[in-house]
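Secondary and tertiary structure notes
Here is what each chain is made of, one letter per residue.
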Amino acid sequence: MLRQYKTVAGYGEGEIVIERSRFIGYAQRVTTEEEAAAFIAMIKKKHWDATHNCSAFVIGENDQIQRSSDDGEPSGTAGKPILECIKKNGVKDTVVVVTRYFGGIKLGAGGLVRAYTAGCVTALKAAGIVVHTLHQQVSVTVDYHWWGKVENELRLGQHRVTATDYTDKVTVHLLIPEGEQDAFVERMTDLTNGQADIVLGENEYVEVPVEAVGGDD
């Protein structure tokens, strides 16, 4: 599993107008080629009367699935720029469709590349980009005698606490960034003189928003 990767937060759509042509960008998170194909088909059905519905997607931990379609635009002027925009922003498991309604003015090859890149950026901004950082589930159980020290340490360390159970003892459940588990266990052990019962659980991703979305340099 990757320690960290970026993807879109979810569905997003946005529109720009360039030389009277409407470019409507759509983005969605997908995990399979079938999901990407279904999303593209949905947008094509929605905009059956559009001049073009150009698309691209990147799927997989190592970006192993990459596809693009110019959908009738000159070769390399639509699908590839969308694909390159997705890759430049480093997002995985993402499909983007840019729908064009022709406005009567031809843009030329360079203009099309810039327009479809801008449409992709619009879609990614609308969807929002998030970073998924791998964490490990950790549970710490202590007697109430030690709880004050543990609670203070967790607060000072700004650890991600998911739940706290108060029974005959206190059990706190946390998510610790991958690679920091050993140091955390050592701190808890030292803090409680070895009296803490610490259990390491499954790995899961924690999602954090990212601000910037880029197009061409």
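Quick summary incoming for the structure in this document. Throughout, a residue's number is its position along its own chain's written sequence, starting from 1. For this predicted model, a pLDDT threshold of at least 70 governs which residues receive local features, and a threshold of 80 or more governs which side-chain atom pairs are given and counted, while totals over whole chains, interfaces and linings are taken from all residues. Hydrogens and water are ignored here; the side-chain numbers use all heavy atoms of the structure.

**Some words on the environment of glutamate 34**
Mapped onto the fold, glutamate 34 is located in helix H1 (residues 33-46). Separated by 34 residues in the primary sequence, glutamate 34 and serine 68 have C-alpha atoms spaced 14 Å apart. The way it works is that DSSP assigns letters per residue, a run of H or I at least four long becomes a helix, a run of E at least two long becomes a strand, and they are numbered from the N terminus.

**A short note on the nonpolar core**
Joining through side-chain atoms within 4.5 Å is the link that ties buried Ala, Val, Leu, Ile, Met, Phe, Trp, Tyr and Cys residues into a set, and such a set is a nonpolar core. Buried residues are those whose accessible area, probed at 1.4 Å on protein chains only, stays under 20% of the maximum for their type, while exposed residues exceed 50% and partly exposed ones sit between those limits. Counting 24 residues, the largest nonpolar core has Ile82, Ile86, Val96, Tyr116, Cys120 and Leu124 as the members making the most contacts within it. Those elements that provide at least two residues to this core are strand S3 (21-29), strand S4 (52-59), helix H2 (79-88), strand S6 (94-101) and helix H3 (108-127). If you tally residues by element for this core, the top one is H3, at eight residues. In this structure, Val170, Leu174, Met188 and Ala196 belong to the second largest nonpolar core, which totals 14 residues.

**Topic: unusual backbone geometry**
Here aspartate 63, not a glycine, exhibits a phi torsion of approximately 55°, which is positive. With respect to the helices and strands, the residue aspartate 63 is situated in the loop between S4 and strand S5 (65-69). The phi torsion at aspartate 71 lies on the positive side, around 45°, for a residue other than glycine.

Just distances and angles here, no functional claims.
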